[in-house]
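Read off the chains here:
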Amino acid sequence: MPEQIDGKKIFTLLEVTRSIQKMFTQHFTSSYWIKAEMNKLGLYAQSGHCFPELVEKNEGKIIAKIDALLWNTDYININSNFKRVLNEELKDGIKILFFAKVEYNPEYGLKLRIIDIDPSYTLGDFEREKQETIKKLKEERLFNLNKLLKFPLLPKRIAIISDKDSRGYQDFINIFETAKKTWGYNFFHMLFPAALQGEKAIATIPIQLKKIKKIKHHFDIVAIIRGGGGDLSFVCYNNYELSKAIASFPLPVVTGIGHITNLTVVDMVANQTTITPSELAEFFIQKFHNFSVPVKEAEKKIIDKSRRLISDEKTKFQSEIKLFRSVTSNVLLINKNTLKENIQILFHQSIFIFKSENEYLTIIKHGIIKGTSTFCNSSKLILIQFGKSIKKDTISNVKQLSLIVNQKTQQILNGSKIIFKNKFADLLNLEKNIDNMSPKNVIKRGYSITLLNGKSVKAFKDVKQGDILSTIIHEGQILSTVNSTSKPIDQ
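Cut-off values and rules
All residue numbers here refer to positions counted from 1 along the written sequence of the relevant chain. Given that this is a predicted model, residues contribute local features only at a pLDDT of at least 70 and side-chain atom pairs are listed and counted only at 80 or more, while totals for whole chains, interfaces and linings are drawn from all residues. Side-chain metrics rest on all non-hydrogen atoms present in the structure, leaving aside hydrogens and water. Strands here are runs of E lasting at least two residues and helices are runs of H or I lasting at least four, both read from the DSSP assignment and numbered beginning at the N terminus. Using a 1.4 Å probe on the protein chains alone, a residue whose accessible area is under 20% of its type maximum counts as buried, one over 50% counts as exposed, and one in between counts as partly exposed. Residue contacts are defined here by distance: any two heavy atoms, one from each residue, within 4.5 Å place the two residues in contact. What sets the accessible areas is the Shrake-Rupley method with a 1.4 Å probe; for residues, cover comes only from the shown protein chains. In these notes, a set of buried Ala, Val, Leu, Ile, Met, Phe, Trp, Tyr and Cys residues joined through side-chain atoms within 4.5 Å is what counts as a nonpolar core. Strand pairing is assigned whenever DSSP detects at least two bridges linking the two strands. To get an axis, fit a line to the C-alpha atoms, keeping to the stretch in contact for a helix; angles then go from 0 to 180 degrees between the N-to-C directions. In this analysis the probe radius is 1.4 Å and the grid spacing 1 Å, with only protein atoms considered; a cavity is a set of points the probe fits into but cannot get out of, a pocket is an open set with protein on both sides within 12 Å along at least five of seven lines, and lining residues have an atom within 4 Å of a point. Grid points are joined across faces, edges and corners, and a volume is the space filled by probe spheres set on the points. To estimate how far a helix should extend, the number of its residues minus one is multiplied by 1.5 Å. Salt bridges, as used here, are contacts in which a Lys or Arg side-chain nitrogen is within 4 Å of a carboxyl oxygen on Asp or Glu.

### A few points about the overall build of the chain
- For the chain, the count of helices and strands is 11 helices and 16 strands.
- Burial status across the chain gives 32% buried among its 491 residues.
- For the chain, contacts bridging at least 24 residues in sequence account for 63% of all contacts bridging at least 6.
- As displayed, the chain offers around 32,000 Å² of accessible surface, 56% of which is attributable to carbon and sulfur atoms.

Next up, the structure:
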């Protein structure tokens, strides 16, 4: 009962709150279906009771707010129903349609006691947001913008948006490491850490996209990676602002965010999408397979063709060497014999000429000496033979004979010079032909000589795998290691 103090009617707080409780009990006898956003679930793990914070927003501003109460037994039933329908537990930041009763307690104040929550409404709200985002992006002609970007032939440099502790990110990196060990595929990747679900994902992923955009010339592609989860954990990927940031990004964006059922809007606007991070990593590796397999086949064809060409040219070169040896041997032999014959002819002719001239001079000498004293019968005969040209004057005859001797000597010298000059010219031509056929000049024309331990390689069986060959070419040599040997295809 109220007290009277100095003429004033005084109520206790308990009396007032009980009066309010009585009023609420009398006027709010029914339960109501109410829609609101559950800003916080407020689950107390020890008791299992929840004290949700419910709000209503208009253009992002809170226009109504009230605390609610969800008892342990009711929470267990509702949460089980959410798992069955949404494959996700009841959580913060979702819109709900709930069945509640207005209650007032003097100790805890005014609250809405939640009796049940319809998970299909929450699912429908997510779908409505998804459809509204799709419609808006299409109206702004942004929906297919990222898909129109040309996908790199070999996406080697990858900017990754993920959580470093995410299981999906770890699986993604492990697959890359395996590919490097198995096939030698080397990817450059850099992590830009971000939250992967809820309001934090909507806030942090666009921030990281802005960072990547500033250094986009360092990357070929952007990958958004996260592990699996329930349907509610993917609601953030239907957000308009997040989807717009990805759709309008200047580099191709690929997603591997672990969903199994419906695609999110982020998946729809991305250049490429996969279900899981592991599948995304395999997608990149397959791109390398598609490129490397034809390259390896072409490499094999080039090697085989090169070996055939080298073998054919080697055979031709060996034939040229044999022909060269045969021709040079024959030329050398012929010219050697010709030179010997010419030397013999020159020798005999010189002896003959010198002998004839010596005899001629001796006869004249004896004729002159004996002609001045006495004429013997034999001298007369000699003088009669040569006396026609030197009849009267002995001095005149000596001069004439001296002139003849000089003329003959000059003829011998001139004839010898001509012979030596002709033979020297023949030798120069022979030397030139030999020089043209020398290995040094043959190499200048594009041929080469292969040596093993300083000796010329003549047959493929002389070489085994692992041998180090020295290939002499024009102006240098090449060292190479033998991988394999084979017979020419036509043998």
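### Considerations on the nonpolar core
- By size, the foremost hydrophobic cluster in this structure holds 31 residues, and its most contacted members are Ile161, Ile205, Ile212, Val222, Tyr237 and Ile246.
- For this core, the secondary-structure elements that each account for two or more residues are α3 (119–139), β8 (157–162), α5 (198–214), β10 (221–225), α6 (240–247) and α7 (265–269).
- Here this core gets five residues from one element, more than from any other, and that element is α5.
- When near neighbours in sequence (up to four residues on either side) are disregarded, Val222 contacts Ala159, Ile161, Leu209, Ile212, Phe249, Leu251, Pro252, Val253 and Val254.
- Counting residues in hydrophobic clusters, the runner-up holds 24 residues, among them Met38, Leu86, Leu90 and Ala100.

### Details of the sheet that holds strand β3 (residues 31–40)
- What the five strands build is a closed barrel, ordered β3-β4-β5-β7-β6; its pairing is mixed. Strand-to-strand twist in this sheet, taken as the mean axis angle between neighbours without regard to direction, amounts to 60°.
- Note: β3 against strand β4 (residues 53–58), three bridges, orientation antiparallel. Following the sheet pairing, Met38 is matched in β4 by Leu54.
- Contacting β6 (94–105) and β7 (109–118), helix α1 (residues 13–27) runs over the sheet at an angle of about 120° to β6.
- Contacting β6 and β7, helix α2 (residues 72–86) runs over the sheet at an angle of about 40° to β7.

### Things to note about the layout of surface pockets
- A volume near 1,800 Å³ is recorded for the largest pocket.
- For the largest pocket, the lining is made up of 48 residues, of which Ile310, Ser311, Lys314, Thr450 and Val457 are closest to its centre.
- Listed by contribution, the elements that provide at least two residues to the lining of the largest pocket are α8 (277–373), α11 (439–444), β13 (449–452), β15 (468–473) and β16 (476–481).
- Top contributing element to the lining of the largest pocket by residue count: α8, with 17 residues.
- If you add up the space inside the second largest pocket, you get close to 1,200 Å³.
- If you trace the second largest pocket, you find 31 residues lining it, with Glu37, Gly93, Lys95, Asp125 and Glu199 closest to the centre.
- Mapped by element, the contributors of at least two residues to the lining of the second largest pocket are β3, β4, β6, α3 and α5.
- Looking at which element gives the most residues to the lining of the second largest pocket, the answer is α3, with six residues.

### So, α3
- With 21 residues, α3 should cover 30 Å at 1.5 Å per step; its first-to-last C-alpha distance of 31 Å lies within 8% of that length.
- Of all the residues in α3, the buried ones are Pro119, Tyr121, Thr122, Asp125, Phe126, Lys130, Thr133, Ile134 and Leu137.
- Among the structural elements, β3, α2, β6, β7, α6 and α7 are those in contact with the buried residues of α3.
- Just beyond α3, the residue with positive phi is Arg141, at close to 60°.

### Let's talk about the pattern of salt bridges
- In this structure the tally under the stated criterion is nine salt bridges.
- Measuring nitrogen to oxygen at the nearest pair gives 3.5 Å for the salt bridge that ties Lys57 to Glu37. Taken together, the residues span a long stretch of sequence, with Lys57 in strand β4 and Glu37 in strand β3 at a distance of 20 residues.
- Of the residues examined, Lys57 reaches a relative accessible area of 39% and is grouped as partly exposed.
- The class for Glu37 is buried, based on a relative accessible area of 15%.
- With its nearest N and O atoms 3.8 Å apart, the salt bridge here joins Glu313 to Lys316. Of this pair, Glu313 and Lys316 both sit in helix α8, three residues apart, which is roughly one turn of the helix.
- What makes Lys316 partly exposed here is its relative accessible area of 48%.

### Observations regarding the pairing of β10
- Counting buried positions along β10 gives five out of five residues, so the element sits mostly inside the fold.
- Note: β8 against β10, four bridges, orientation parallel. Following the sheet pairing, Ile160 is matched in β10 by Ala223.

### Points about unusual backbone geometry
- The backbone of Arg141 shows a phi angle near 60°, a positive value even though the residue is not glycine.
- Summarising the element assignment, Arg141 is placed in the loop between α3 and β8.

### Points about the pairing of β3
- Pairing between β3 and β6: eight bridges, direction antiparallel. Its bridge partner being in β6, Trp33 is matched across the sheet by Phe99.

### Topic: the environment of Gly109
- Note that Gly109 resides in strand β7.
- Assessed through its relative accessible area of 19%, Gly109 is described here as buried.
- Residues Gly109 and Asp67 lie 42 residues apart in sequence; the distance between their C-alpha atoms is 9.4 Å.
- With near-sequence residues (within four places) excluded, Gly109 lies in contact with Glu103 and Tyr104.

Spatial relationships are all this shows, so hold off on functional conclusions.
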